[in-house]
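Coordinate analysis (summary)
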Amino acid sequence: MKYIICEQPGRLTLLEKENPIRGLNEALVKITRVGICGTDLHAFQGNQPFFSYPRILGHELAAEIIEIDDNEQGLEVGDRVIIMPYISCGTCIACKRGKTNCCESISVLGVHEDGGMQEYYTVSTDVLVKANSLSEEQIALVEPLAIGAHAISRAKPSNNETALVIGCGPIGLGLLKQMQLLGIHVIAMDIHSDRLVFAKDVMGIDQIVLADDNAETEIKRLNNGQLPTIVFDATGSKQALESGINFMAHGGTYVLVGLYKGDLTFNHPLLHSRESTLLSSRNATMADILQVKLMLESGLFPDAAFITHRVSFTEMIDHFESWIKPESGVIKAMVHL
Ligand SMILES: [Zn+2]
Ligand SMILES: [Zn+2]
């Protein structure tokens with residue numbers, strides 16, 4: 001079978017090996033789609049922390065079951081499945097409190113261990129979710145959308161609140177759309193006007209703000225003269241992360257979804273005067289995955305248009321580097337196997 005491996009930063013190689021053989025409590029699956037995300041691009045560029053090479057990338061996966069034993073979930077050969085890519089220990093304090101997304105010894109498929117950029121893959125049956133109601137592309141979108149679902153579960157917004165999302169990449173857009181579908185007033189902000197146009201035209205997010213010197217005035221204009229009570233950062237940029245708090249109302253909540261790989265500095269009087277609730281949001285839980293599955297089943301998420309680039313498995317290597325550049329206009333690239 002074919003597989004693509006990231007041998008070292010900047011080098012992806014298409015190789016052949018024997019089909020994997022499943023172990024106890026594992027299923028053999030055929031990978032049908034792989035979504036490409038910022039993590040994969042950062043790993044390719046060599047600036048992903050805690051990453052070792054060589055590594056088979058791919059954690060946004062759609063698969064079909066080829067072999068499986070009798071199991072409690074009722075999974076059968078031929079089922080389309082979501083693969084929950086966060087492998088948690090089940091015994092640490094975070095896991096025991098149900099926070100498997102931030103397990104002390106979490107292992108993410110395609111990051112800490114080999115992922116799904118391969119034709120066949122073996123995976124624990126525990127992390128499979130039957131999803132015959134979804135298309136293969138929808139299944140591969142579940143993981144990135146679950147990041148947004150988890151951030152929403154952290155912030156617990158109510159219907160009379162306004163949420164600002166800074167950063168209109170795939171995570172920010174997923175977050176915006178899911179909150180909008182929950183009836184929450186949302187405002188999108190980005191430094192790139194083309195991403196705001198995408199947010200408005202494709203995702204149906206009507207209130208968009210360019211992150212320039214006039215942004216605060218514009219946000220207030222869109223929100224009855226008030227700042228939003230919830231601000232999400234979905235950029236991972238130091239400058240954006242440090243300034244996001246400026247757009248949050250007194251008594252509000254600031255949720256850090258994007259990850260910056262260094263120190264952040266906040267002005268304490270600014271945080272204190274607003275009695276800010278500062279939250280981080282990492283990965284997602286099984287509950288978030290199931291929530292996103294329901295949301296996609298509703299047909300209200302524009303999944304087809306959200307996927308801006310589609311390539312075959314063998315074409316992927318030639319296109320991969322171009323997705324790093326914003327000019328490519330990529331929101332979500334999808335690899336078809
Ligand atoms: Zn991802
Ligand atoms: Zn754990």
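The structure presented is a predicted model; accordingly, all values stated were derived computationally and were not measured.

What counts as what
- Residues numbered from 1 in each chain as written.
- Chains lettered and ligands numbered in written order.
- Predicted model: local features only at pLDDT ≥ 70, side-chain atom pairs only at ≥ 80, totals over all residues.
- Heavy atoms only, no water.
- Domains from an automatic or database assignment.
- Contact = heavy atoms within 4.5 Å.
- Buried area = accessible area lost by both parts, 1.4 Å probe.
- Polar contact = N/O pair within 3.5 Å; in protein donor to acceptor, adjacent residues only side chain to side chain.
- Axes fitted to C-alpha atoms, helices over the stretch in contact; angles between N-to-C directions.
- Helix = DSSP H or I, 4+ residues; strand = E, 2+ residues; numbered from the N terminus.
- Left-handed = near helix turned anticlockwise from the far one by under 90°.
- Nonpolar A, V, L, I, M, F, W, Y, C, P; charged D, E, K, R; others polar.
- Phe/Tyr/Trp six-rings, centres within 6.5 Å; stacked < 30°, edge-to-face > 60°.
- Buried < 20%, exposed > 50% of the residue type's maximum accessible area, 1.4 Å probe, protein only.
- Lys NZ or Arg CZ within 6 Å of the ring centre and 35° of its normal.
- Donors = N, O, S within 2.8 Å, 3.2 Å for Na, K, Ca; no water.
- Tetrahedral: all angles 85-135°; square planar, octahedral: opposite > 155°, others 65-115°.

This paragraph deals with the domain arrangement of the protein chain. By a widespread convention, an interface's size corresponds to the accessible area lost as its parts come together. Along its sequence, the protein chain is organised into domain 1 (2-132 + 302-336) and domain 2 (146-280). Just the C-alpha atoms count here: the centres of domain 1 and domain 2 sit 28 Å apart. Tallying the contact residues gives 13 residues for domain 1 and 13 residues for domain 2. A buried area of about 1000 Å², summed over both sides, lies between domain 1 and domain 2, and 70% of it is on carbon and sulfur atoms. Contact with domain 2 buries surface across domain 1, with Pro302, Phe306 and Ile331 losing the most and accounting together for 46% of the total. At the junction of domain 1 and domain 2, the tally comes to two residue pairs in polar contact (both at pLDDT 80 or more).

Okay, the packing of helix 3 (residues 136-155) against helix 9 (residues 286-297) next. Two numbers describe how helix 3 lies on helix 9: the axes approach to 8 Å, and their chain directions differ by 115°. Helix-helix and strand crossings are classified by hand; for helix 3 and helix 9 the assignment is right-handed. Counting all contacts with helix 3, which are made through Gln138, Val142, Leu145, Ala146, Ala149, His150 and Ser153, the residues of helix 9 involved are Asp288, Ile289, Gln291, Val292, Met295 and Leu296. Partitioning the contact of helix 3 with helix 9 into residue classes produces eight nonpolar, four polar and one charged.

Turning to the packing of aromatic side chains, a few remarks are in order. Tallied over the full model, the rule gives five aromatic pairs. Ring centres of Phe51 and Tyr53 lie 5.1 Å apart, and the angle between their planes is 55°; on these two criteria the pair is classed as tilted. When its relative accessible area of 26% is taken as the criterion, Tyr53 is described as partly exposed. Seen in terms of ring centroids, Tyr254 and Phe266 are 6.4 Å apart; in terms of plane orientation they differ by 85°. Their pairing is edge-to-face. Of this pair, Tyr254 sits in strand 14 (residues 253-256) while Phe266 sits in the loop between strand 14 and helix 8 (268-273), and the two are 12 residues apart along the sequence. Residue Phe266 is classed as partly exposed on the basis of its relative accessible area, which comes to 23%. One aromatic cluster in this structure is built from Phe44, Phe320 and Trp323. Over the ring of Tyr3 we find Lys17, and its NZ or CZ is 4.7 Å from the ring centre.

Let's shift gears to the coordination of the zinc ion (ligand 2). Protein-derived ligands of the zinc ion (ligand 2) are Cys89 (SG), Cys92 (SG), Cys95 (SG) and Cys103 (SG), with the metal-ligand distances lying across 2.3 to 2.4 Å. Considering all four donor atoms around the zinc ion (ligand 2), the spread of angles at the metal, 104 to 118°, places the coordination shape in the tetrahedral class. Taken in chain order, the donor set of the zinc ion (ligand 2) reads C-x2-C-x2-C-x7-C. Taken together, the residues Cys89 in the loop between strand 6 (86-87) and helix 2 (93-96) and Cys103 in the loop between helix 2 and strand 7 (107-108) connect sequence positions 14 residues apart. Overall, Cys103 belongs to the buried group, its relative accessible area being 2%.

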